[in-house]
Amino acid sequence: MNARLVALLAALALLWAAPLARADPPPTLQPGVLTVGLNMPSPGFQVGAVRAHGVVFARGLEIDLANALAARLGIPRVVFYQEPQFGRLIAPGPKPWDIALAEVTITPERAAAVAFSIPYLAADQGVLLRLGLPATPRSIAQLARLRLCSQSGTTSATLVATQVNPVKPARLFGNTTLMLDALQKGRCDAVIYDAPILATLRAQVPRRYGPLAGVIRTQESYGVLLPTGSALLPIVDEALGAIIGQGTLTAISKRWMSTDLSKLPVLR
Amino acid sequence: MMRDRLKGTALWCAALLALAALGSAVTAGASGTAPTVKVFFGQGEQLVAVSRPGATVQDALTALVAGPTSAEQKQAFRSYVPPATRVRSVTQNGPVATVDLGVGFLQGPAVDTTLARLDQVVSTVTAIPGVTSVRLLINGGTPLGLFPGVDATIPLTRAALATPNVPATAPVVQPGGQASAGTLALQQQLAGLGYLLQSGADGVDGPATRTALVAFQKWQGLPRTGLADTRTRAALATAERPAPIKQGPAGRRLEVLVDRQVVLAIEDNQVVRALDVSTGKPSTPTPIGSFKVYAKFARWWSVPFREWLLWAAPFNGGVATHQYPDVPPFAASHGCVRVTPPNAHWLFDFLSVGTPVNVIASSG
């Protein structure tokens, strides 16, 4: 047998076993418990049931990801913490959670207040049409002639204003529910928002919407949030790297995201 | 317009409920038997109440989780509430009942049935006298995002769930292609045999021609391709107009042939049209038997599935003929008879309240 191959396999085995062999338990708020901040609901990513901040039931891509991270870190228990105000997740200061998952796009401004892991998902902006729109837009120029809607205070709204430049100013809504309600009622021709979220919402009630016309490439990255200076950051990065590298995250995504976004046309 | 129709439906439902309530009150009073509760199960595209012994919210929920009897199942009653659902607690504060269910209630990935479950619970609990709304908890917690399009953080009423929250979908008009003599000849054959309307023989291939071809292929037992392939053309050359399976009275009537997935529109024992339809899938089959159209709705709001059904003619509780955008060449519905868009309006006009509908399992 090839000695170099044996050595390589041995090294790989060591790497594999490393997290399990770690001597000290990871420095979490409560030893043996990973407390994970959430901002429910976000269909596909995280939905559930809560009593104030306590989460009694949760499911979705980010719930599975949190459990996979805890397993990889050798932490036996996961407790979820609901933060109803998204702004408080990304505000500076101490946090009641060890990590938080809420489809948070990594931006330099946010990174000044909180710490981010390596990205776990690269999201483009999606274009979801209303039912019965006569022609499907094939370019950003065609999109700009439609009545567009988006969500205020998001990277999506910024993209609409700076890159799409619609003929009529876009209508902005305070939350996803109101925005999609307007699309269902035909008050918008198209909604521009994070592609994976639009794909999930459409898959839930496909007959309420027209097709996903495509994506606008932005490749925004969602990262795991941590309090600034968290000692967990390096081991969370390492665990996330392994979860991505071994295909675990792909399997989780397949379970919750029914639409293959890579097959959608790219609008330019 | 929409509001008026809705009011009509609501009044009609209220009248039925009142009659039902009257009926049970009279029965209970006359015989002195135990009181009953109303439990709502799905039947086709609507929820319909059945009676069970009991008096409290807990009694009603226990009966709901137990599901329909086998006799009810034969009449297409179906519960979307999983049998594994645990009723953790029921409390009542004035007209608001708080119902705490275990996560078994959310079992399974199918979102459309999740909404139907919610509607079953709300309808059943608010049928208890004195209860007007339901605050639902899952494992003791307030649901967030578990019921798409429904804010379940507030107490829910049956009226709120039964109120349409989307406009009826406008039909999508397909751009017509080029007319051709070959297509025209094919269409004339199909129209001559009752599969296509004479007015549909315009030489342009489209959805009306395809659904007529599928109806012909279903009747003939050919592969359901919707294409004028060699076998289909050969069969067309010698085919005769379909004949009714059963002889019946003079006038208009329908035969729904479950085995062939075809509806025969019959007048004076002659087949006027043979239509491509999709009936109830194996888990929710269309009940076999003789019925009559009891109402006609140009648009009918499906309460459990929260969508508009166009050109609906119910003939057995929540079971109706109605237009649907998706009519696959096999049985796929919740128990109703789905009709393709090119034919639905025609069938609606053909039917009257009282038109006999015979659902036949085997057409030989």
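Structure report, in brief.

Definitions and limits used
- Residues numbered from 1 in each chain as written.
- Chains lettered and ligands numbered in written order.
- Predicted model: local features only at pLDDT ≥ 70, side-chain atom pairs only at ≥ 80, totals over all residues.
- Heavy atoms only, no water.
- Helix = DSSP H or I, 4+ residues; strand = E, 2+ residues; numbered from the N terminus.
- Rg over C-alpha atoms; globule rule 2.2 N^0.38 Å.
- Areas by Shrake-Rupley, 256 points an atom, 1.4 Å probe, with all protein chains shown as cover.
- Lys, Arg positive; Asp, Glu negative; His and termini not counted.
- Charge placed at Lys NZ, Arg CZ, Asp CG, Glu CD.
- Buried < 20%, exposed > 50% of the residue type's maximum accessible area, 1.4 Å probe, protein only.
- Contact = heavy atoms within 4.5 Å.
- Salt bridge = Lys/Arg side-chain N within 4 Å of Asp/Glu carboxyl O.
- Pairing = 2+ DSSP bridges.
- Axes fitted to C-alpha atoms, helices over the stretch in contact; angles between N-to-C directions.

1. Brief notes about the overall build of chain A
Along the backbone of chain A there are ten helices and ten strands. Its C-alpha atoms give chain A a radius of gyration of 21 Å, within 12% of the compact-globule value 18 Å for 268 residues. With the C-alpha coordinates of chain A rotated into their principal frame, the extents come out at 65 × 50 × 35 Å. Just so you have it, chain A exposes about 12,600 Å², and 59% of that area is on carbon and sulfur atoms. Separation between the mean location of the 25 positive side-chain charges and that of the 15 negative ones in chain A comes to 10 Å.

2. Considering the environment of Thr 209 of chain B
All names here are of chain B. Note on placement: Thr 209 falls in helix H7 (residues 207-220). Residue classification places Thr 209 among the buried residues on the basis of a relative accessible area of 1%. Sequence separation of Thr 209 and Thr 142 is 67 residues, and the distance between their C-alpha atoms is 51 Å. Ignoring anything within four residues of it in the chain, the contact list for Thr 209 reads Leu 186, Gln 187, Leu 190, Leu 196 and Val 204.

3. Focus: the pattern of salt bridges
Considering all chains together, one arrives at eleven salt bridges over all chains under this definition. A salt bridge links Glu 72 of chain B to Arg 52 of chain B, with the nearest nitrogen and oxygen atoms 2.8 Å apart. You can see Glu 72 of chain B sitting in helix H3 (residues 70-74) and its partner Arg 52 of chain B sitting in strand S2 (residues 46-53), a full 20 residues away along the chain. For the pair Glu 72 of chain B and Arg 52 of chain B, one class covers both residues: buried. Across the pair Asp 100 of chain B and Arg 88 of chain B runs a salt bridge whose closest N-O atoms are separated by 3.1 Å. A residue pair is termed long-range when its members are at least 10 positions apart, and Asp 100 of chain B in strand S5 (residues 96-101) and Arg 88 of chain B in strand S4 (residues 87-93) qualify at twelve residues. Judged by relative accessible area, Asp 100 of chain B falls into the buried class, the value being 5%. Of the residues examined, Arg 88 of chain B reaches a relative accessible area of 34% and is grouped as partly exposed. Overlapping salt bridges, with partners in common, bring together Arg 130, Arg 147 and Asp 189 of chain A in one network.

4. Focus: the sheet that holds strand S6 (residues 133-138) of chain B
All names here are of chain B. Spatially, S4-S5-S6 is the arrangement adopted by the three strands of the open sheet, whose pairing is mixed. Looking along the sheet, the strands with just one partner apiece sit at the ends: S4 and S6. Each adjacent strand pair in this sheet contributes to an overall mean axis angle of 15°, direction not counted. Summarising the sheet, S4 and S5 pair through six bridges and their orientation is antiparallel. Considered in S5, the bridge of Gln 92 is made with Ala 97. Contacts from helix H2 (residues 57-66) reach S4 and S5, with the element oriented near 145° to S4.

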